[in-house]
Amino acid sequence: MGVLNKKIVVLPGDGIGPEVCNEAIKVLEAVAERFGHRFLFEKHLMGACAIDATGNPLPEETVDACMEADAILLGAIGDPKYDNNPAAKVRPEQGLLRLRKSLGLFANIRPVTAYDVLLDHSPLKNTRIAGADMLIFRELIGGIYFGEKGRTADSAYDNCTYSKEEIVRIAHLAFQSAAMRRQKLTLVDKANVLETSRLWREVVQEMAPAYPEVAVDYLFVDNAAMQLILNPRAFDVILTENMFGDILSDEASVIAGSLGLLPSASVGNHVSLFEPIHGSYPQAKGKGIANPIAAILSAAMMLEHFNLQKEADLIKVAVHNALEKQVLTPELNPTSPYSTEQVGSFIAYYVLEGALVVPHRSNIEVGLSTII
């Protein structure tokens, strides 16, 4: 792959979002310097900061910029003054949902892996999580989050609707990834109760013969939530709908030991978006204690999207180096003297100066490289 010129729209958002985005940008700039690429970063408003500035959680200017970008880097959104006010008519999350819908980001891809050096950070037993390595495919722009909603004086409703087409397009991505990994796909649904879940199960069963090398199993969401804790190594690729995926992927973060370690990619019809899965963590805003690693790994996923595998691998090696040498924020090491900025600088320095060592390619990395 030759030299690239890419326009990256950055949506720093709220809370610690701007801080972790700054470190991801720093690492991407180190990649650009080392490999001769050119990344143009353009920042725009979304979330509570956009409401405060414009009254709109997603200004049209931001949507237009995203549509013209080669990729989007998102920090985090959310603010207690909206989270704690059930009567608020305008919320930061409305901007995120509208952005996903506007860009057609129908698939959220979340890798979850247990790092050997951090096993003790998980509340689960080491023997339970060692070797856990999964990829969660969450449908992102359908289901209950986007269904018709309403209130009466003493009741409320949220409708959940899915079409066959919405299921097929993300299921193909999940099957393709499973075929390149350990060849196992688990559909998580609630088909014993929900009609939409029965449609999901029917569609996946119809598609399965086209992927004969992939073993497919089916779990109800309550059982899946339990099995994620009891036996996370049993999972390879998980496919599920919007709300179930939202809940299960956050639950799976305890396997890695921290939300601050987990990146994600959202892909669809137009430009793709990359973001850490953690929230805005407003209590840590401005204190220099936010963990930037998930945002930095999201940047690595962006490079994979650009087919810059060597560059992405170098960032992952740099992150592993930081983990092994305990250059971590207090979230992962309560006695750590390192700030958000120092952790980012340490990783960026390795990207600039470290050996170009291609690591052992994990199932996650193989599964992602041809999808995002």
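What you are looking at is a predicted structure, and each value in this text was computed from that prediction instead of being measured.

Conventions used here
- Residues numbered from 1 in each chain as written.
- Predicted model: local features only at pLDDT ≥ 70, side-chain atom pairs only at ≥ 80, totals over all residues.
- Heavy atoms only, no water.
- Helix = DSSP H or I, 4+ residues; strand = E, 2+ residues; numbered from the N terminus.
- Rg over C-alpha atoms; globule rule 2.2 N^0.38 Å.
- Buried < 20%, exposed > 50% of the residue type's maximum accessible area, 1.4 Å probe, protein only.
- Contact = heavy atoms within 4.5 Å.
- Areas by Shrake-Rupley, 256 points an atom, 1.4 Å probe, with all protein chains shown as cover.
- Lys, Arg positive; Asp, Glu negative; His and termini not counted.
- Charge placed at Lys NZ, Arg CZ, Asp CG, Glu CD.
- Phe/Tyr/Trp six-rings, centres within 6.5 Å; stacked < 30°, edge-to-face > 60°.
- Pairing = 2+ DSSP bridges.
- Axes fitted to C-alpha atoms, helices over the stretch in contact; angles between N-to-C directions.
- Salt bridge = Lys/Arg side-chain N within 4 Å of Asp/Glu carboxyl O.
- Parallel < 35°, antiparallel > 145°, perpendicular 65-115°, else oblique.
- Left-handed = near helix turned anticlockwise from the far one by under 90°.
- Disulfide = S-S within 2.5 Å.
- pLDDT = per-residue confidence, 0-100.
- Right-handed = clockwise from strand over helix to strand, strands pointing away.
- Core = buried A, V, L, I, M, F, W, Y, C linked by side-chain atoms within 4.5 Å.

Chemist: What exactly am I supposed to notice about the overall build of the protein chain here?
Modeler: When its secondary structure is counted, the protein chain shows 15 helices and twelve strands. What you see for the protein chain is a C-alpha radius of gyration of 20 Å, in line with the 21 Å of a compact globule of 372 residues. When the 372 residues of the protein chain are sorted by exposure, 55% land in the buried category. In the protein chain, once contacts between residues fewer than 6 apart in sequence are set aside, the share between residues at least 24 apart is 77%. Within the structure as shown, the protein chain displays about 15200 Å² of accessible surface, and the carbon and sulfur contribution to it stands at 53%. Between the centroid of the 33 positive side chains of the protein chain and the centroid of its 45 negative side chains there is a distance of 2 Å.

Chemist: I would appreciate a short explanation of the packing of aromatic side chains in the present structure.
Modeler: Ring pairs (aromatic) are described by centroid distance and by the angle formed between their planes. If you walk through the whole model with that rule in mind, you get three aromatic pairs. Between the aromatic rings of Phe39 and Phe41, the centroid separation amounts to 6.5 Å while the plane-to-plane angle is 65 degrees, which identifies the pairing as edge-to-face. Phe39 gets classed as buried once you look at its relative accessible area, which sits at 10%. Between Tyr162 and Trp200, the ring centres sit 5.3 Å apart and the planes meet at 85 degrees, which makes this aromatic pair edge-to-face. Separated by 38 residues along the polypeptide, Tyr162 in the loop between β7 (156–158) and α7 (164–180) and Trp200 in helix α8 (residues 195–207) bring together distant segments of the chain. Judged by its relative accessible area of 8%, Tyr162 is buried.

Chemist: What is the right way to look at the sheet that holds strand β5 (residues 133–139) in this model?
Modeler: Strand pairing within a sheet occurs via backbone hydrogen bonds; the two strands may be parallel or antiparallel. The mixed open sheet is built from ten strands, whose spatial order is β2-β1-β3-β12-β11-β4-β5-β10-β8-β9. Across the chains shown, the open sheet's two edge strands, defined by having one partner strand only, are β2 (38–43) and β9 (215–220). The sheet shows a mean angle of 25 degrees between the axes of neighbouring strands, direction not considered. Pairing geometry for strand β8 (residues 184–189) and strand β10 (residues 237–240), over four bridges, is parallel. In the sheet register, Thr186 faces β10, and the bridge partner there is Ile238.

Chemist: Honestly, the pattern of salt bridges in this entry has me stumped. Any pointers?
Modeler: When the charged atoms of two side chains lie near each other, side chains of opposite charge can form a pair. Scanning all chains against the criterion turns up 18 salt bridges. Of the charged contacts, one joins Asp222 and Lys190 as a salt bridge, the two residues approaching to 3.0 Å between their closest N and O atoms. Placement of Asp222 in helix α9 (residues 221–230) and of Lys190 in the loop between β8 and α8 is noted, with a sequence separation of 32 residues between them. Salt bridges sharing common partners tie together Asp133, Arg181, Arg182 and Asp236.

Chemist: Just to check I follow, could you spell out the packing of helix α3 (residues 60–67) against helix α5 (residues 92–103) for this structure?
Modeler: Helix-helix packing: each pair is described by the crossing angle between the helix axes and the interaxial distance. As a packed pair, α3 and α5 sit with axes 11 Å apart at the nearest point and diverge in direction by 40 degrees. Judged by the inter-axis angle, α3 sits oblique to α5. The handedness of the crossing between α3 and α5 is right-handed. Here α3 contributes Glu60, Val63, Cys66 and Met67 to the contact with α5, which in turn contributes Arg98, Leu99, Ser102 and Leu103.

Chemist: Even after reading the chapter, I still don't get the pairing of strand β12 (residues 273–276), so can you show me in this structure?
Modeler: Side-chain direction in a regular strand flips from residue to residue, so the side chains alternate between the two faces of the sheet. Going residue by residue along β12, you find Leu273 and Glu275 tucked away on one face and Phe274 and Pro276 tucked away on the opposite face as well. In this structure, strand β3 (residues 71–76) lies alongside β12, joined through two bridges in parallel fashion. Bridged to Leu73 within β12 is Phe274. Hairpin connection of strand β11 (residues 263–267) to β12: five residues between the antiparallel strands.

Chemist: Teacher, can you tell me more about the state of the cysteines here?
Modeler: Note on terminology: disulfide describes a covalent bond linking the sulfur atoms of two cysteines. Counted by the stated rule, this structure contains zero disulfides. Take Cys49: it sits in no disulfide, and the sulfur closest to it among the cysteines is that of Cys21, at 11 Å. The partly exposed category is assigned to Cys49, whose relative accessible area is 23%.

Chemist: What is the right way to read the confidence of the model for the protein chain from this model?
Modeler: Low pLDDT marks regions whose predicted coordinates should not be analysed in detail. Taken as a whole, the protein chain shows an average pLDDT of 92; of its residues, 95% reach a score of 70 or greater. Within the model, pLDDT remains below 50 along residues 359–371, and this stretch shows 36 contacts once partners closer than five positions in the same chain are excluded.

Chemist: Is there a simple way to explain unusual backbone geometry in this structure?
Modeler: Peptide bonds are mostly trans, and most non-glycine residues show a negative phi. Its identity is not glycine, yet Tyr281 carries a phi of approximately 45 degrees, on the positive side. Residue position: Tyr281 is located in the loop between β12 and α12 (293–305). Since its relative accessible area comes to 41%, Tyr281 is described here as partly exposed. At Asn307, a position not held by glycine, the phi torsion is positive, near 65 degrees. Tracing the backbone shows Asn307 in the loop between α12 and α13 (309–324). With relative accessibility at 52%, the residue Asn307 sits in the exposed group.

Chemist: Looking at this structure, I do not really get the pairing of β9. What am I missing?
Modeler: With six bridges connecting them, β8 and β9 associate as parallel partners. By the bridge assignment for β9, Thr186 is matched with Asp217. In this view, the connection linking β8 to its parallel neighbour β9 by way of α8 has right-handed handedness.

Chemist: Whenever I open this one, the nonpolar core confuses me. Can you help?
Modeler: Nonpolar side chains in soluble globular proteins tend to be buried together. Ile255, Ile293, Leu303, Ile315 and Ile347 are the most contacted members of the largest nonpolar core, which totals 73 residues. Considering every element that reaches this core, the biggest residue donor is helix α1 (residues 17–35), with ten residues. One finds Leu105, Ile109, Ala171 and Val267 within the second-largest nonpolar core, a separate group that totals 44 residues.

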